Amino acid sequence: MSHQSINQIHDEGLIEHFRMGKGHRVFILTPSYPFMFIGIIKDVRADVVDVWVETTHFSQLENRIWHIHIDNIEVFYIEREGEPEIPKLSEDYY
Amino acid sequence: MLRRYHVVGIPLRIVVNNFGDHNPDGRIYVLKENEHEVRELVRKNPFTPVELVQPLTIRACAEDTVEILFENQLPFKAGMHFQEADYDVLDSDGADAGYNPDTTIPCGNSIIYRIYASREGTYFFTDLGNISSTEEGSSIQGLFGALLVERKGSTWTDPVTGGTLNSGVYADIHHPFLPSFREYAWYFSDQMEINDLTGNRPLNPMTNQEAESFHGVNLRYEPMTNRKRLIEEGVVCPDCDSEEVHHDSWVFGDPATPILRGYKGDPAIIRLIHGGVKETHVFHYHVHQWLGDPTNTQSEILDSQSISPQSHYDIQPLYGLGSLHGAIGDAIIHCHLYPHFGAGMWGINRIFDTLQDGSQCYPNGVPIAPLKPLPDRPEPPKPTPERPGFPNFIPGKVGFKAPRPPLGIVGGREMTVLEKNAAIPNARPGAVFVEPTLDDNVNVVEFNVSCIEMPVIYNKQGWHDPKARFYVFDEDLDDILSGKKEPEPLVFHVPAGTAIRFNYTNRLPHILDGDAFQLVTRTYESGFHIHFVKFDVLCTDGANTGWNYDSSVLPGETIQYEWYADTELKAFFFHDHLFANAHQQHGVFGAGVIQPRFSEYFDSHTGKETPRGTQVTVSHPLIPDYRDFSLFVQDFTMLFDKDGCPIQPPPFPGSEDDPGVFGVNYKCEPLKFRLGEEGDPAYSFSSYVHGDPVTPILRGYTGDPIRIRLIQGAHEESHSFNVHGLKWKEERPDLGSHFNSQQHTGISESFTFETELKGPGDYLWAFETEEDVWLGTWGLIRAYEELVDDLIVLPDKSCPPSPTTPLPCPTGKPPERAEPLSTLPPHADPCAPVRRYDVVAFQTPIMYNSYGDHDPYGIVFALAEDVEDILSGKKNPEPLVLRANVGDLVEVSLTSLLKFDLFPFKDGIHPYPPVKEQGFYPPSLRISLHTSLLDYDVRTSSGDTVGYNPDQTVGPGEVITYRWFVDGQHGTCAMWDMADLRNHRSFGTFGAFIAEPRFTTYHDPYTDEEVKTGANVVLKNPLVPTTREFVLIMHDGVRLEDKNGQLIVDPVDGIIPPVEEVDDVDTYDNGSRGFNYRSERLINRYRELPDLSKLFSSEEFGDPATPVFEAYPGEAVTFCLTNPSERRRAHTFHLHGHYWKFDSKDLDSRVQSFEGHIVAGFTADLRLIGGAGGVYNFPGDYLYRSGNIMWDIEQGMWGLFRVHDKFQPHLPKLE
């Protein structure tokens, strides 16, 4: 019988969900700077998700790995086959 | 810690610039230790500014006790009143208020004021012993200063010597574990007496008339007129005109006004203080931005900020001096109101990139004073011959205009060797000495824009500007010039994170021709100055400032600028900086809007993608799509009628005495043209009767999110933007911020209001002071229910239903009457509890004070049960105050009992208080009730008969029942009539609605019985503390008669000591003023006892007629403050001895003891921190009052808040 608390079970579930999403595109909102990430889940280490970030609010912070603590993720969506796609955001304006 | 200062108030000659302009009757505070020296220096230098003659600026640390020994050597009783401070009002108020002991002192005496500096901030101080607005007064002649309270543990040093400092407007502030910063105190002041070298009032060499009055900084001003004279006399720059070189140090050397010196990246705070008496100024600081509330990281970013008399703000430039990109050079700081700027209200922030140790000179040979680097920052490099640093690498010629920048002008010059040494590695047009972008891989957009002159027609009556000047996209040039496309202010849209390259061509004629408004002016160069974005100030400022380059071009030339939009910003202002005072009011303004990254923009009519336009549809892959609307209000608009006659020309050409009229986006829709056959003002806004206005109609479908970009394009005055039926978060990024439906604005300020079209119908937007609306600054927001041909659907919204009925069109007849009870407000809960009020509008005399000043033609709203008592004289009417709780559905039945015979101006001409362009506008017998902030169906319950909405006014004997839903704890909401702006509002057709928390009951403060109305109530609630609520309705534009029935012509009749006439009374200064239909005009008291220091004393005169609110120490108190009327002159409100959160709902909000720029529609809830008596709960009489010495306080805009030390039998204590 498990002696895990409900919070531990919740966190484990979340970590497992991200682990299953490795290699998929992800959309994440966090309450702290820079607030939004779109990219590919590269790895999950303990409770930290490594994301190759293609888009944030600021271009200077893109095209690099971000290590995002799972507790800091308020909203997320992992794109999977056959499900709605996360928009590909382009700056090719004029 | 106890700190002591010995301050002396002295009369002193104040020399305000190097031209010898001076105030022979100046009055200042100085430290005792400096008194002798300052007197001696002034005696020896009668025509040269003396550094020590400046507003007294002393410092302390938070939690210090500061003892001020004040010694009065002025020829009248004087004192020091400290804002923001905690103090015992009985011994340290610096006033003689109510029944307090007198804490002003006569000449030759001394007094100790004990100030508890509980928290950091600017403790502005001024005198209340002599509140005359004339040259015999004190504040107007320079008697003000500030105690700057720093963080606990701070120390301060002299920026030049590094030594200790007892007083001074500049200091370097240090802290054991916080960064050091530069502190600059910047005091605006206005209207001070000025004579020139000859002892006469200065003349304007252009007009040969008296020059503009004093508008200065730190008791200095540098007017254009003086510098122009040097050009005219051939001393300097003979090929120049004047305005284009007004700020040019190459021509004239540095100005006498403040130069705030620092090194690139230095943290800094400008303590912005308004020590003046009259105008609400707009502080603008080139290159830099700051948080509107420095204590709240989620507050709006600003680069222009309005400031009213006796108020203050901290300007903390983000990223330090030079901003994010590290600009170097001269960043001009000025009042953006152009006549004030021209009159000399400007200075410079000089950002050096090399060490200044006293060994260097400016190009004109004037030594550069040493400047100590901040101790915790790296020392800047020493200048070398190859790299001398700013400004000595710029190839200018002293006595001539600043050189043009390298690279920028098409076909222009390359860099010199010294310039190359100073340049960035990839120097390019418009970005030579600093890299504005943050990386090399930045997205770039390019625009081609020109400035042209051509006639523009403002309305269907043929009002037109024959010499309109405005920016156009080059792609639109042919269509605009051929009349295919109507001119509008230029607006472009770009996404955040974009570098903007701008090719700007000057296609203006060399000459701005003369007419009844202006003299011929040689406006031979122009530029494109931009706000908010990052740029190289030396060569892309679009200006000509200090030792920078002149980044403008001659006619026919093109200049290239580059700016970087680092993040999503608001709309930001742009305009010409070279001849702005001459031609900006002709339309030379526009805006860029930095939209969220990845946005796309579409023409809302055609759906074609476009980056430009005042109305676009914005689509974004992640956030909801929205409509984007830009509105530009303008004044000093110099129009001619269809017959070629000038409309409201000034007294003489070239005068800046409020010439012209007003507009929005180069249009206006004056009310006098909208009377129709019925001749009833109640239908002036109705499109059924008159068709749609020519002013912008902002269009969308029901449910569309919208963003309104509010910008003022020209030129000198305050305006009050209101939207009826919609509201927005005051601080847009901050979810904790409260809602607003009104915004004061001054030129160059920019606001974004984000909201949604919650229901179908026409929403009125208006710059809603009386004269503005009268002259046509209003329009509509139209929300359609069904699909229309020429409006695309937001890409992320489903298509509205196909049309089932044709769109309404003008009928020439008043619309059907609204049926408010047929619908619910959009957000109302169908099961909401209903609270009902029966309100009657009727005419009755109102007695304004015990001296017999009265309004014989008052029009008031009152509860039906009070009408008899009011009409029989048992009750002197008060403005109606209604309340309801969150979640209540409020049904207000309004009955009109208005009678034509009781109106004073039956011939339809309302002579006083006046407006420009008087016209026939007979009194309406219809009336209505409009409230701000509440939720209602705009088609039935807004109290407006606007656009194609049904009639929401009532005629005599008719009743309408409005339905309002209280959808939030909005606190104070403004409430007024919308049927007849000219013939009703001056007489009292306003009140307030207070939206309280759920479960609140309202009680009489004396009997404890539950009440339905009243300005003074006790609020009881099971969950929040019992609170006293005091409602103050601050109003102006009142028409009073004295006890003999003689018209009182305020402000002139109320000035102390009495005067025959005064200069500078604008239309919107006219009228009496007060609180809650009462006015304690000081002239009445002065006639009884001509002692200025005693005029607030209840011992001498009894209590004032204005409300005397009572409480016991520590009791919870909220002041609900609103201004529902009517004049454009903005007011300040200050309550002595207390402070509150600027945003009453936001814990992060700054704390302050004033409310600024109060104009029509303003609302605020002042929850007193510490309750009655402040945090120390000191008992006594506290003044509440306007901060405008000219002309509010004399005119009776003051009252008392009494905190009793002992139990009073008539006043039960709160439980």
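Residues numbered from 1 in each chain as written. Chains lettered and ligands numbered in written order. Predicted model: local features only at pLDDT ≥ 70, side-chain atom pairs only at ≥ 80, totals over all residues. Heavy atoms only, no water.

As annotated in an unreviewed UniProt entry, chain B is Multicopper oxidase domain-containing protein from Mesobacillus maritimus.

In the nomenclature of an unreviewed UniProt entry, chain A corresponds to DUF2642 domain-containing protein from the organism Mesobacillus maritimus.

**Student:** Can you help me understand the interface of chain A and chain B in this one?
**Tutor:** It is common to give the size of an interface as the accessible area lost on bringing the parts into contact. Residue-level contacts link 16 residues of chain A with 19 residues of chain B. Of the roughly 1,400 Å² buried at the junction of chain A and chain B (both faces included), carbon and sulfur atoms supply 58%. Summed over the shared surface of chain A and chain B, the result is one salt bridge. Notably, a salt bridge pairs A:Glu62 with B:Arg597, separated by 2.6 Å at the nearest N-O pair. Counting across the interface, chain A meets chain B through four residue pairs in polar contact (both at pLDDT 80 or more). For the side of chain A that touches chain B, a count of residues per class yields eight nonpolar, six polar and two charged. (Contact = heavy atoms within 4.5 Å. Buried area = accessible area lost by both parts, 1.4 Å probe. Salt bridge = Lys/Arg side-chain N within 4 Å of Asp/Glu carboxyl O. Polar contact = N/O pair within 3.5 Å; in protein donor to acceptor, adjacent residues only side chain to side chain. Nonpolar A, V, L, I, M, F, W, Y, C, P; charged D, E, K, R; others polar.)

**Student:** What is the right way to read the sheet that holds strand S44 (residues 778–784) of chain B from this model?
**Tutor:** Note on sheets: strands pair through backbone hydrogen bonds, and any given pair is parallel or antiparallel. Residue and element names in this part refer to chain B. As summarised here, the arrangement of the five strands in space is S36-S44-S43-S38-S41, forming an open sheet in which the pairing is mixed. Of all strands in the sheet, those with a lone pairing partner are strand S36 (697–701) and strand S41 (742–745), marking the two edges. Averaged over all pairs of adjacent strands, the angle between their axes in this sheet comes to 15°, without regard to strand direction. Examined bridge by bridge, strand S43 (residues 761–767) and S44 share six bridges and lie antiparallel to one another. Residue pairing in the sheet places Gly761 in a bridge with Ala783 of S44. (Pairing = 2+ DSSP bridges. Helix = DSSP H or I, 4+ residues; strand = E, 2+ residues; numbered from the N terminus. Axes fitted to C-alpha atoms, helices over the stretch in contact; angles between N-to-C directions.)

**Student:** Help me understand the domain arrangement of chain B, please; the structure alone is not making it clear to me.
**Tutor:** Residues and elements named next belong to chain B. According to the domain assignment, chain B consists of domain 1 (1–152), domain 2 (437–613), domain 3 (661–810), domain 4 (811–998) and domain 5 (999–1215). The distance between the C-alpha centroids of domain 2 and domain 3 comes to 24 Å. Counting across the interface, domain 2 meets domain 3 through three salt bridges. In this structure, the connection of domain 2 to domain 3 is made through 12 residue pairs in polar contact (both at pLDDT 80 or more). The set of elements that each furnish at least two residues to the side of domain 2 that touches domain 3 consists of strand S23 (456–457), strand S30 (571–575), helix H9 (580–583), strand S31 (589–595) and strand S32 (600–603). Among the elements that make up the side of domain 2 that touches domain 3, the one with the highest residue count is S31 (four residues). Residue composition of the side of domain 2 that touches domain 3, grouped by class: 17 nonpolar, 12 polar and six charged. (Domains from an automatic or database assignment.)

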